[in-house]
Amino acid sequence: MKTDLSLGNRPDLATERLSLRPPNDRDVDAIVGVVGNWEVARRLARVPHPYGPADARFFLDHVIPAEWVWAVTLLGSDTLLGVIGLTPEEGADAAELGYWLSPAHWGSGITTEAARAVVAFGFERLGLPVITSGYFEDNPPSGRVLRKLGFVETGHVMRPCLAVGDEVPSIRMELAHPDARIITGEGC
Ligand SMILES: CC(C)(COP(=O)(O)OP(=O)(O)OC[C@H]1O[C@@H](n2cnc3c(N)ncnc32)[C@H](O)[C@@H]1OP(=O)(O)O)[C@@H](O)C(=O)NCCC(=O)NCCS
């Protein structure tokens, strides 16, 4: 299947406990409430600190239209608990998985569950051959999320962190499309 990078194909996604929907204007306060938290911001590459409503508006108006991004909510509730998405990689037939979640909900498997649905969307609906991701070395929970999904380490790099205002040691990860993994397995 040819990769559809038109960004038009962005349906709601449902999992056992979650509903993933497009973020909207009513999410500004929830986004600021989570991303404005230093413990979240310092683990993300592209988030300024401090972070206010104008930053959330920039995210809604300029970032979201150019990426596949969903608000993470519990089934039956519209409250944004986090955000997850795929960012198209420039010049490559790939996209980068990224996510953040309200600290009040850390550790209950929500991001892993949401990420499984988004990864499946990337492979099955978009036909991406590979999904990349990465995390700062001092953020092992994010590494656990990626490893539980089958991502493998591809290298160590320094990566800018806007909130910290410097480059931070990071681990690059990637997950190949299941078909590619089968072909690789047969070759071994
Ligand atoms: C990273 C983040 C999204 C994880 O969300 P989450 O919903 O809590 O993740 P899950 O519950 O699905 O899985 C977390 C895993 O990390 C593990 N974990 C938690 N604290 C840990 C620690 N200090 N060291 C190692 N593993 C840890 C959990 O045990 C779990 O793994 P397990 O299922 O094998 O036990 C969340 O912590 C977050 O929003 N952090 C701030 C933003 C961020 O880091 N985004 C990612 C940037 S790369």
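Refer to the structure presented above.
Residues numbered from 1 in each chain as written. Predicted model: local features only at pLDDT ≥ 70, side-chain atom pairs only at ≥ 80, totals over all residues. Heavy atoms only, no water.

1. Concerning the pattern of salt bridges
Evaluation of the coordinates by the stated rule reveals 14 salt bridges. A salt bridge links D61 to R57; the shortest N-O distance between them is 3.1 Å. Linking D61 with R57, this pair stays in helix α3 (residues 53-63), spanning four residues, or about one helical turn. Using a relative accessible area of 30% as the deciding quantity, one classes R57 as partly exposed. Across the pair R172 and E89 runs a salt bridge whose closest N-O atoms are separated by 3.7 Å. With R172 in strand β8 (residues 166-176) and E89 in the loop between β4 (82-88) and β5 (94-101), this pair connects stretches of sequence that are 83 residues apart. What makes E89 partly exposed here is its relative accessible area of 24%. Three or more residues are tied together by salt bridges with common partners; here these are R21, R26, D27 and D78. (Salt bridge = Lys/Arg side-chain N within 4 Å of Asp/Glu carboxyl O. Helix = DSSP H or I, 4+ residues; strand = E, 2+ residues; numbered from the N terminus. Buried < 20%, exposed > 50% of the residue type's maximum accessible area, 1.4 Å probe, protein only.)

2. Details of the nonpolar core
The biggest cluster of nonpolar side chains holds 33 residues, and the ones touching the most others in it are L20, I84, L86, L97 and F151. Mapped onto this core, the elements with two or more residues apiece are β2 (18-21), β3 (68-74), β4, β5, α4 (110-125), β6 (130-136), α5 (140-148) and β8. Of the residues forming this core, the biggest block, eight residues, is contributed by α4. The residues contacting L20, other than those within four sequence positions of it, are D12, L13, W70, A71, V72, I84, A114, A117 and V118. A41, V47, I64 and W100 belong to the second largest nonpolar core, which has 24 residues in total. (Core = buried A, V, L, I, M, F, W, Y, C linked by side-chain atoms within 4.5 Å. Contact = heavy atoms within 4.5 Å.)

3. With respect to the side chain of S142
Inspection of the secondary structure puts S142 in helix α5. Residue class for S142 comes out buried when judged on its relative accessible area of 9%. Apart from the residues lying within four places of it in its own chain, the contact partners of S142 are Y99 and Y135.

4. Some words on the packing of helix α1 (residues 28-35) against α3
The angle between the axes and the distance between the axes are what describe a pair of packed helices. α3 packs onto α1 with a crossing angle of 110° between their chain directions and a minimal axis gap of 9 Å. As the angle between them shows, α1 and α3 are arranged roughly perpendicular. The element α1 and its partner α3 pack so that their crossing is right-handed. Here V28, I31 and V32 of α1 come into contact with α3, specifically with P53, A56, R57, F59 and L60. Residues belonging to the contact of α1 with α3 are distributed by class as follows: seven nonpolar, no polar and one charged. (Axes fitted to C-alpha atoms, helices over the stretch in contact; angles between N-to-C directions. Parallel < 35°, antiparallel > 145°, perpendicular 65-115°, else oblique. Left-handed = near helix turned anticlockwise from the far one by under 90°. Nonpolar A, V, L, I, M, F, W, Y, C, P; charged D, E, K, R; others polar.)

5. What to know about the site of the ligand
By nearness alone, 21 residues border the ligand, and G107, T112, N139, R144 and K148 come closest of all. Here an oxygen atom of the ligand and a side-chain polar atom of T111 are 2.9 Å apart. The set of elements that each furnish at least two residues to the shell around the ligand consists of β5, α4, β6 and α5. In terms of residue count, the dominant contributor to the shell around the ligand is α5 (six residues). Of the residues in the shell around the ligand, the class split is 10 nonpolar, eight polar and three charged. (Near = heavy atom within 4 Å. Polar contact = N/O pair within 3.5 Å; in protein donor to acceptor, adjacent residues only side chain to side chain.)

6. Quick notes on the side chain of E67
Tracing the sequence through the fold places E67 in the loop between α3 and β3. Within the structure, E67 has its side chain in polar contact with the side chain of R46 (distance 3.0 Å). One polar contact links E67 to T87, side chain to side chain, over a distance of 2.9 Å. Those residues within four positions of E67 in sequence are excluded, and the remaining contacts are L7, R10, R46, L86, T87 and P88.

7. Things to note about the pairing of β5
For β5, the buried fraction is high: seven of the eight residues fall into the buried class. Here β4 pairs with β5 via seven bridges, running antiparallel. Pairing of I84 across the sheet is with Y99, part of β5. Joining the antiparallel neighbours β4 and β5 is a turn of five residues, in which G91 adopts a positive phi near 75°. Note: β5 against β6, three bridges, orientation parallel. Each residue of the ladder has a partner; that of A95, found in β6, is I131. (Pairing = 2+ DSSP bridges.)

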